[in-house]
Amino acid sequence: TAGAAAVRVGAGAVRVMPTSGLELERKAELKAEHEAYLRAHPEVPRLLNDFVSSCLVQQPNDVFEFAREYFATLQPRTMGDAQ
């Protein structure tokens, strides 16, 4: 895209890096919004960490099916519940 530089990151993936002032400003705004959301919802990183750990332990052949089953069995918890 105009005003952006493509940078290779592992396994052939390409990340487009913003180079204009507006793109960099928007990237900083998004980062701040995302960090605020994660601070307000600490269950998100815990949930994702638990899921990834389960994947690594069980090593399912079909990760999408495993994810469907994994998340279907979860019950919402409150912050006061045991971790």
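In what follows, the structure referred to is the one given above.
Thresholds, definitions, all that
Residues numbered from 1 in each chain as written. Predicted model: local features only at pLDDT ≥ 70, side-chain atom pairs only at ≥ 80, totals over all residues. Heavy atoms only, no water. Buried < 20%, exposed > 50% of the residue type's maximum accessible area, 1.4 Å probe, protein only. Helix = DSSP H or I, 4+ residues; strand = E, 2+ residues; numbered from the N terminus. Arc of directions from axis to C-beta. Contact = heavy atoms within 4.5 Å. Polar contact = N/O pair within 3.5 Å; in protein donor to acceptor, adjacent residues only side chain to side chain. Salt bridge = Lys/Arg side-chain N within 4 Å of Asp/Glu carboxyl O. Phe/Tyr/Trp six-rings, centres within 6.5 Å; stacked < 30°, edge-to-face > 60°.

Q: So, helix α3 (residues 63-72): which residues are in play, and what are the values?
A: Inspection of α3 places F66, A67 and Y70 among the buried residues, and these make up the whole buried set. Buried residues in α3, looked at end-on, bunch into an arc of 100°, giving them a common side. Exposed residues on α3 whose side chains face more than 90 degrees from its buried face are F64, R68 and A72. Taken together, the buried residues of α3 touch α2 (43-58). Capping the start of α3 is the job of one residue whose side-chain oxygen sits 3.2 Å from the backbone nitrogen of F64: D62.

Q: Any details on the pattern of salt bridges? Residues and values, ideally.
A: Where side chains of opposite charge bring their charged atoms close, a pairing between them can arise. Counted under the stated rule, the structure contains 3 salt bridges. Across the pair R26 and E29 runs a salt bridge whose closest N-O atoms are separated by 3.3 Å. With R26 and E29 both in helix α1 (residues 21-40) and 3 residues apart, the pair spans about one turn of that helix. The class for E29 is partly exposed, based on a relative accessible area of 35%. The salt bridge partner of E65 is R68, with a shortest N-O separation of 2.6 Å. Within this pair, E65 and its partner R68 are both found in helix α3, separated by 3 residues, close to a single helical turn. Residue E65 is classed as partly exposed on the basis of its relative accessible area, which comes to 31%. Judged by its relative accessible area of 51%, R68 falls in the exposed class. Here the salt bridges share partners, and the residues they tie into one network are R26, E29 and E33.

Q: Go over the packing of aromatic side chains with me, naming the residues and quoting the values.
A: Geometrically, a pair of aromatic rings is defined through the distance of the ring centres and the angle of the planes. Within this structure, the stated rule accounts for 5 aromatic pairs. When the ring of Y70 is compared with that of F71, the centres are 5.1 Å apart and the planes differ by 85°; the resulting orientation is edge-to-face. The buried category is assigned to Y70, whose relative accessible area is 16%. Members of the aromatic cluster, joined through ring pairs, are F51, F66, Y70 and F71.

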